[in-house]
Amino acid sequence: KTFIFDDDNCPVTATMKVLGGKWKPILINAIYHTAPARFGELKRSVKGITQSMLTQQLRELEEDGIISRKIYAVIPPKVEYTLTDFGLTLSPVIQTIANWGIEYKLNKQKVQSKQ
């Protein structure tokens, strides 16, 4: 049997199409922990992301139904981001990634201390 790893046949490929890249899981995590999150807060708290990359990633997450954007009719403009109900279904996935990150860092320390 030949395996085809594309959006139609592979759920991991479909998931990574939405969550792939350096920033999206970090942004989902940040919005989960700080919701409602404002653009400026995200820009300050997510170290290393550029304003244009933040804008692009938020737009894509919104288009994929992961986050929602609420615009307030005030001056200066105020925009808040929250996870949608569907986006909240990612919280156990993000928590698993966080737990793995803790284990990875511990393992890396052990490996480095043996060298």
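For the structure itself, look to the data block above.
Here the structure is a predicted model, which means the values were calculated and not measured. (Residues numbered from 1 in each chain as written. Predicted model: local features only at pLDDT ≥ 70, side-chain atom pairs only at ≥ 80, totals over all residues. Heavy atoms only, no water.)

(A) Up close: helix α2 (residues 24-34). Along α2, the residues classified as buried are K24, L27, I28, A30 and I31. Looking straight down α2, one finds its buried side chains confined to an arc of 165 degrees; they lie on one side. (Buried < 20%, exposed > 50% of the residue type's maximum accessible area, 1.4 Å probe, protein only. Helix = DSSP H or I, 4+ residues; strand = E, 2+ residues; numbered from the N terminus. Arc of directions from axis to C-beta.)

(B) Representation of the sheet that holds strand β1 (residues 37-38) in the model. An order of β1-β3-β2 is seen for the three strands of this open sheet, with the pairing classed as antiparallel. A strand with exactly one partner marks an edge of an open sheet, and here the two such strands are β1 and β2 (67-72). In this fold α2 packs onto β1, β2 and β3 (78-83), with an angle of close to 100 degrees to the strand it touches most, β3. (Pairing = 2+ DSSP bridges. Contact = heavy atoms within 4.5 Å. Axes fitted to C-alpha atoms, helices over the stretch in contact; angles between N-to-C directions.)

(C) Here's a closer look at the packing of aromatic side chains. Inspection of the entire model under this criterion finds two aromatic pairs. Ring centres of W100 and Y104 lie 5.3 Å apart, and the angle between their planes is 10 degrees; on these two criteria the pair is classed as stacked. Here Y104 and W100 lie together in helix α6 (residues 91-114), a separation of four residues that amounts to about one turn. For the cation-ring pair, K78 lies above Y72, with the distance from its terminal atom to the ring centre recorded as 4.7 Å. (Phe/Tyr/Trp six-rings, centres within 6.5 Å; stacked < 30°, edge-to-face > 60°. Lys NZ or Arg CZ within 6 Å of the ring centre and 35° of its normal.)

(D) Local environment of the packing of α2 against helix α4 (residues 51-63). At their nearest, the axes of α2 and α4 sit 10 Å apart, and the two run at 75 degrees to each other. Considering the angle they form, α2 stands roughly perpendicular to α4. Residues K24, L27, I28 and I31 of α2 form the contact with α4, whose participating residues are L54, Q57, L58, E60 and L61. Tallied by class, residues from the contact of α2 with α4 come to six nonpolar, one polar and two charged. (Parallel < 35°, antiparallel > 145°, perpendicular 65-115°, else oblique. Nonpolar A, V, L, I, M, F, W, Y, C, P; charged D, E, K, R; others polar.)

(E) Layout of the packing of helix α1 (residues 11-19) against α2. As a packed pair, α1 and α2 sit with axes 8 Å apart at the nearest point and diverge in direction by 70 degrees. Regarding the angle of α1 to α2, the classification is roughly perpendicular. Across from K17, V18 and L19 in α1, the residues of α2 making contact are K24, P25 and I28. When its residues are assigned to classes, the contact of α1 with α2 shows four nonpolar, no polar and two charged.

(F) Region of the structure containing unusual backbone geometry. With an omega of -5 degrees, the peptide bond running from A35 to P36 counts as cis. Relative to the elements of secondary structure, P36 occurs in the loop between α2 and β1. For the bond from I75 to P76, the omega torsion is -5 degrees, close enough to zero to count as cis. Here P76 lies in the loop between β2 and β3.

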